[in-house]
Amino acid sequence: MSSSSSSSSPSCPKKMITLKSSDGETFEIEEIAALQSKTLESMIDENCASTPVPLPNITGKILAKVVEYCTKHAEVGADAESLRAWDAEFVSVDHPTLFDYILAANFLEIPTLLNLACQSVADMVKGKTPDEIHKIFNIKSTFTPEEEEELRRENQWAFD
Amino acid sequence: MTNEVDEICQLPGNITDQILSCLPIKDAVRTSILSRKWRYKWCSIPQLVFDDQCTKARGVPSFQPSLQENLVNIIYRVLLLHTGPIQKFKLSHKDFCATSDIDDWILHLSRVSIKEIVLDIWKGQNYKIPSSLFNCQYLIHLELYKCLVKIPSMFEGFHNLESLDLQHVQLSLDGLKALISHCPLLKRLKLRNLEGIKQINVDTGNLEWLDVEGAFQDVTFGFMNRLKSIRVDFSDDIANECGLGNANSSNLHKFFRNLPQIQSVELENYSLKTPPNELCHLKYLFTCIDFSRVEEILTVMCLIRSSPQLKHVDFQNRAKDQQTTRIGTMADFWEDHLACCLEQIQVVSMGGILGNEPELELMKFLLTSSPNLQKMTIQPNSTSGEGKLLRELLRFRRASAQAEVIFL
């Protein structure tokens, strides 16, 4: 028996739990992968995860990706470099999808995914001028020129 | 069809806080101009980090005297406009000299349930920590660099402190003892180059992570049955010199024998002399070793054999010059160990290699006894004799078909 594998014995089948999205799709996820979600972890601890877990705020499209993320991050012996590259790929999506990831990660309490997605949004904002940010995120400025002037004075150091 | 909705504003407050926390503070404050809804969003960010990026103006270099003033003003403004609790406060600006303004800021932080303080003083004199710091009862992480710490007599302790990092900090031995013993939840401790402290005595049962560096003459560690990771760097090479007191060495050896949960061990300027008990969780070992000393190699071999999970071993050569050793005794030694099978080893690194016989014997042994070896990295001490070393390396048999041997 090779000693380099993880400690799970081969005769034991992997424990799965079922998640149900808002639009009725079901997804199976390994219990070990599901533990990355604090919400699911406490449900598993309290034995509430034997029937399909309803997740009314997450659509099937997003839930599929969340399951993919958790499964990938639960893999043993993953190379840090390649995982980082995989993560970068994972968040190269359009804004609505990215925000959906954030909301799902927030609801399911998956800190790693939440950090990844939030950092991704922050990276889009970093170093950009206010006008550029307006365009990227569809923000409408409702300030009058006088108000804007007052604002710039209020935090002058940040606008230098 | 344009989407009129501001996408980020739809997200809950805790999430926008988190997104803004990922930005340098300047960018976060700039979002105030985006729209009415955005004006004060930045004011509740839980983390405030003041570093070199704060005083970088676009194109125009900041001059020295005004930089100091600028940063002080920035920090006052931000603290004044900020609302709600602050989780983390970090001040680490390479051109900033400590001023008494920091006292005001720490006093303010003690009133907003601060959980994490990082204070790095890069320029000027060591900063004397005010007593208000010791009232921050919610502190979980404290990190100080180039500060002067005097523990107040009424200090009741940091009951929530889990992580303490003191580097180039002046404090007394009693002060250090008082600090550590009054932090019941302390899990991580880093002490590097504490000015004025020659002896160190760490006796906290809950520690999981320990990093100690300095020119210590006397080191005592209590029993740490939860310790998962340890790094020691005794710059004065203490335990290897017989003259500096065998008592110290025996304390340390006793300590290393008793680490049931240890997963990672890093020893710089220190070599183990007696093999420890079985270390069933050890995954990573870094040690300085004199390759020509049989007892040191024996100790490390014993350690490797009693660590079934040891995946990565890193050897750093301690001997500075070429020593012609008794090749005879070494050859006998390796013959006795030929039947060894080190199934668990996956990565080996060797640094400061001089290319002499004992080193080559060890490399040969590791290559032939590690069927699961994936990578061996050799870093020579100098470029002389490289050719010979390379030729020898190529000749060695390998037990593992996947083993990559990398010569740096």
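Residues numbered from 1 in each chain as written. Chains lettered and ligands numbered in written order. Predicted model: local features only at pLDDT ≥ 70, side-chain atom pairs only at ≥ 80, totals over all residues. Heavy atoms only, no water.

**Comments concerning the interface of chain A and chain B**
Piece 1. Facing 40 residues of chain A, the contacting portion of chain B comprises 40 residues.
Piece 2. Surface buried jointly by chain A and chain B totals about 3,700 Å² across both partners, of which 61% is contributed by carbon and sulfur atoms.
Piece 3. Here chain A is connected to chain B by three salt bridges.
Piece 4. For R39 of chain B, the salt bridge is made with E150 of chain A, and the minimal N-O distance between the two is 3.5 Å.
Piece 5. Linking chain A with chain B are nine residue pairs in polar contact (both at pLDDT 80 or more), by the criterion used here.
Piece 6. Among the secondary structure elements, those contributing two or more residues to the side of chain A that touches chain B are helix 5 (95–108), helix 6 (111–125), helix 7 (130–137), helix 8 (145–154) and helix 9 (156–159) of chain A. (Contact = heavy atoms within 4.5 Å. Buried area = accessible area lost by both parts, 1.4 Å probe. Salt bridge = Lys/Arg side-chain N within 4 Å of Asp/Glu carboxyl O. Polar contact = N/O pair within 3.5 Å; in protein donor to acceptor, adjacent residues only side chain to side chain. Helix = DSSP H or I, 4+ residues; strand = E, 2+ residues; numbered from the N terminus.)

**Points about the confidence of the model for chain A**
Piece 1. Looking at chain A as a whole, its pLDDT mean stands at 86, while 92% of the residues score no less than 70.
Piece 2. Within the model, the stretch residues 1–9 of chain A combines pLDDT values under 50 with six contacts to residues more than four positions away or in other chains. (pLDDT = per-residue confidence, 0-100.)

**Overview of the sheet that holds strand 1 (residues 16–20) of chain A**
Residues and elements named next belong to chain A.
Piece 1. The three strands lie next to each other as 2-1-3, forming an open sheet whose pairing is mixed. Either end of the sheet is taken by a strand with one partner, and the two such strands are strand 2 (26–30) and strand 3 (53–54).
Piece 2. Bridge count between strand 1 and strand 3: two bridges; the pairing is parallel. Of the residues in strand 3, the one forming a bridge with L19 is V53.
Piece 3. Along the sheet, helix 3 (residues 60–73) makes contact with strand 1 and strand 2, crossing strand 2 at roughly 10 degrees. (Pairing = 2+ DSSP bridges. Axes fitted to C-alpha atoms, helices over the stretch in contact; angles between N-to-C directions.)

**Side note on the pairing of strand 1 of chain A**
Residues and elements named next belong to chain A.
Piece 1. Of the two faces of strand 1, the one holding I17 and L19 is buried and the one holding M16, T18 and K20 is not buried anywhere.
Piece 2. Sheet topology note: the strand 1/strand 2 ladder contains five bridges and is antiparallel. Paired with K20 across the bridge in strand 2 is T26. (Buried < 20%, exposed > 50% of the residue type's maximum accessible area, 1.4 Å probe, protein only.)

**Brief notes about the nonpolar core**
Note on soluble globular proteins: their nonpolar side chains tend to be buried together.
Piece 1. Counting residues in hydrophobic clusters, the biggest one holds 161 residues, and the most contacted among them are F50, L91, L119, F221, I230, F256 and F315 of chain B.
Piece 2. Ranked by residue count, the leading element in this core is helix 6 of chain A, at nine residues.
Piece 3. What L119 of chain B contacts, discounting residues up to four positions off in sequence, is L91, I102, I106, Y127, I129, E143, L144, Y145 and C147 of chain B. (Core = buried A, V, L, I, M, F, W, Y, C linked by side-chain atoms within 4.5 Å.)

**Looking at the pattern of salt bridges**
Residue and element names in this part refer to chain B.
Piece 1. Overall, the coordinates contain 22 salt bridges over all chains when judged by the stated rule.
Piece 2. Measuring nitrogen to oxygen at the nearest pair gives 3.6 Å for the salt bridge that ties E213 to R192. Placement of the pair is E213 in strand 10 (residues 209–214) and R192 in strand 8 (residues 188–192), with a sequence separation of 21 residues. Each member of the pair, E213 together with R192, is buried.
Piece 3. One connected set of salt bridges, linked through shared partners, spans R192, D211, E213, R231, D233, E266 and E268.

**Re the state of the cysteines**
Piece 1. For the structure shown, the criterion picks out zero disulfides over all chains.
Piece 2. Distance from the sulfur of C70 of chain A, which forms no disulfide, to the nearest cysteine sulfur (C118 of chain A) is 15 Å.
Piece 3. Take C70 of chain A: its relative accessible area is 4%, and that puts it in the buried class.
Piece 4. Of all cysteine sulfurs in the structure, the one in C302 of chain B sits closest to C280 of chain B, which takes part in no disulfide; the separation is 16 Å. (Disulfide = S-S within 2.5 Å.)

**Considerations on the confidence of the model for chain B**
All names here are of chain B.
Piece 1. Summing up the model confidence of chain B, the mean pLDDT is 84 and the portion of residues at 70 or higher is 86%.
Piece 2. Across chain B, strand 5 (residues 141–145) holds the top mean pLDDT of 97, while helix 8 (residues 327–337) sits lowest at 63.
Piece 3. Low pLDDT, under 50, characterises residues 242–247; the stretch is placed with one contact to residues that sit more than four places away or in other chains.
Piece 4. At the level of chain-chain contacts, confidence expressed as ipTM amounts to 0.85, with global pTM at 0.84.

**Details of the packing of aromatic side chains**
Piece 1. Tallied over the full model, the rule gives twelve aromatic pairs over all chains.
Piece 2. Measuring from centroid to centroid gives 5.5 Å for Y69 of chain A and F90 of chain A, while their planes differ by 50 degrees, and the two rings are tilted. With Y69 of chain A in helix 3 and F90 of chain A in helix 4 (residues 80–90), this residue pair connects regions lying 21 residues apart in the sequence.
Piece 3. When its relative accessible area of 1% is taken as the criterion, Y69 of chain A is described as buried.
Piece 4. Between W86 of chain A and F90 of chain A, the ring centres sit 5.3 Å apart and the planes meet at 20 degrees, which makes this aromatic pair stacked. Of this pair, W86 of chain A and F90 of chain A both sit in helix 4, four residues apart, which is roughly one turn of the helix.
Piece 5. Three or more aromatic residues joined by ring pairs make a cluster, and in this case those are Y69, W86, F90 and Y101 of chain A.
Piece 6. Stacked on the ring of W209 of chain B, the Lys or Arg R188 of chain B has its end atom at 4.0 Å from the ring centre. (Phe/Tyr/Trp six-rings, centres within 6.5 Å; stacked < 30°, edge-to-face > 60°. Lys NZ or Arg CZ within 6 Å of the ring centre and 35° of its normal.)

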